[in-house]
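# Examining the three-dimensional arrangement
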Amino acid sequence: LEQLISSIVELSRIDAKVLVPRNEPLNLSAFCSRIANDHKGLLEHYGLSLELNVMEAVWVNTDQLLLRRVIDNILNNAIKISDPETVVGVRLECCAGRVTVSITDQGPGMTAQMQSQIFTPFKRWTKRYEGSGLGLSVVEGLSNLLGIKLSVISEVGQGCCFQLSFSIVESP
C-alpha cells in the first residue's frame, strides 16, 4: 500500500509540474554499475545472472535520484519477469553524441498491443509478480521530465529491452 501511495503522489507531482530535477554531471557508467551491483541479491533470489556491459566513464547531465528511480523500476521488473536460470542485461552503448542504457530481460515478451499500453497507469500484463501497475507510468513521466528518450523493444517469446537514451556531456 505504501508503494502504491508513493507512486500516485509521484505521478501527481510529475503531472502538476512541481517536481523539478536537480541536474548535475553524472558518470553514467559508474552509476549503472552501482545500481546493477545493488540488485545482486534480488538476482540471486530469482535464480538469475547479470550481464553487465559498460564502458569507461560516460557523462550525462541528469538528476541522480530521479534517474535511480527510473533504472531501479525497469531493472526490478526485468528481474521479476525473467524466467529462472536466465540472464538480465544492463548495457551502455555510445553513438553520435548519445549514450543508450539498455536493460533486457528473458521473460515472455510483449505483443504490439501490450507495448502500446505499457505506460498506461494501472495497466498490468503479468501475474508473475505483484504490483500496482503504476511503476512504468512513473518511469515514463520521470524520463520525460529528465529529457530521456525512452523506448521498448519486444517480441512475444523473446523478452523485452527497455532503452534510455541521453545526450553525452563533457566530463567535469
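First, a word on what this report is: a plain description of the structure on this page. Predicted model only: the values in this text are computed from it and were never measured.

Quick notes on the rules
- Residues numbered from 1 in each chain as written.
- Predicted model: local features only at pLDDT ≥ 70, side-chain atom pairs only at ≥ 80, totals over all residues.
- Heavy atoms only, no water.
- Helix = DSSP H or I, 4+ residues; strand = E, 2+ residues; numbered from the N terminus.
- Expected span 1.5 Å × (residues − 1).
- Buried < 20%, exposed > 50% of the residue type's maximum accessible area, 1.4 Å probe, protein only.
- Polar contact = N/O pair within 3.5 Å; in protein donor to acceptor, adjacent residues only side chain to side chain.
- Contact = heavy atoms within 4.5 Å.
- Pairing = 2+ DSSP bridges.

### Focus on helix 4 (residues 64–81)
Between its terminal C-alpha atoms helix 4 stretches 26 Å, which fits the 26 Å expected from 18 residues at 1.5 Å a residue. Three or more residues of helix 4 are buried, namely Leu-66, Leu-67, Val-70, Ile-71, Asp-72, Asn-73, Ile-74, Leu-75, Asn-77, Ala-78, Ile-79 and Ile-81.

### Here we look at the side chain of Asn-27
Within the fold, Asn-27 resides in strand 1 (residues 24–27). Of note is the side chain of Asn-27, whose polar atom sits 3.2 Å from the backbone nitrogen of Ala-30. Sequence-distant contacts of Asn-27, that is, excluding residues within four places in its chain, are made with Ala-57, Val-58 and Trp-59.

### Side note on the pairing of strand 5 (residues 98–104)
When you tally the buried positions in strand 5, you get five out of seven residues, the bulk of the element. In terms of strand pairing, strand 4 (residues 87–95) meets strand 5 through seven bridges, oriented antiparallel. What sits directly across from Arg-91, in strand 5, is Ser-102. Adjacent in sequence and paired antiparallel, strand 4 and strand 5 are bridged by two residues, among which Ala-96 carries a positive phi angle near 55°. Where strand 5 meets strand 7 (residues 160–167), seven bridges bridge the pair, whose relative direction is antiparallel. Across the sheet, residue Val-99 finds its bridge partner in strand 7, namely Phe-166.

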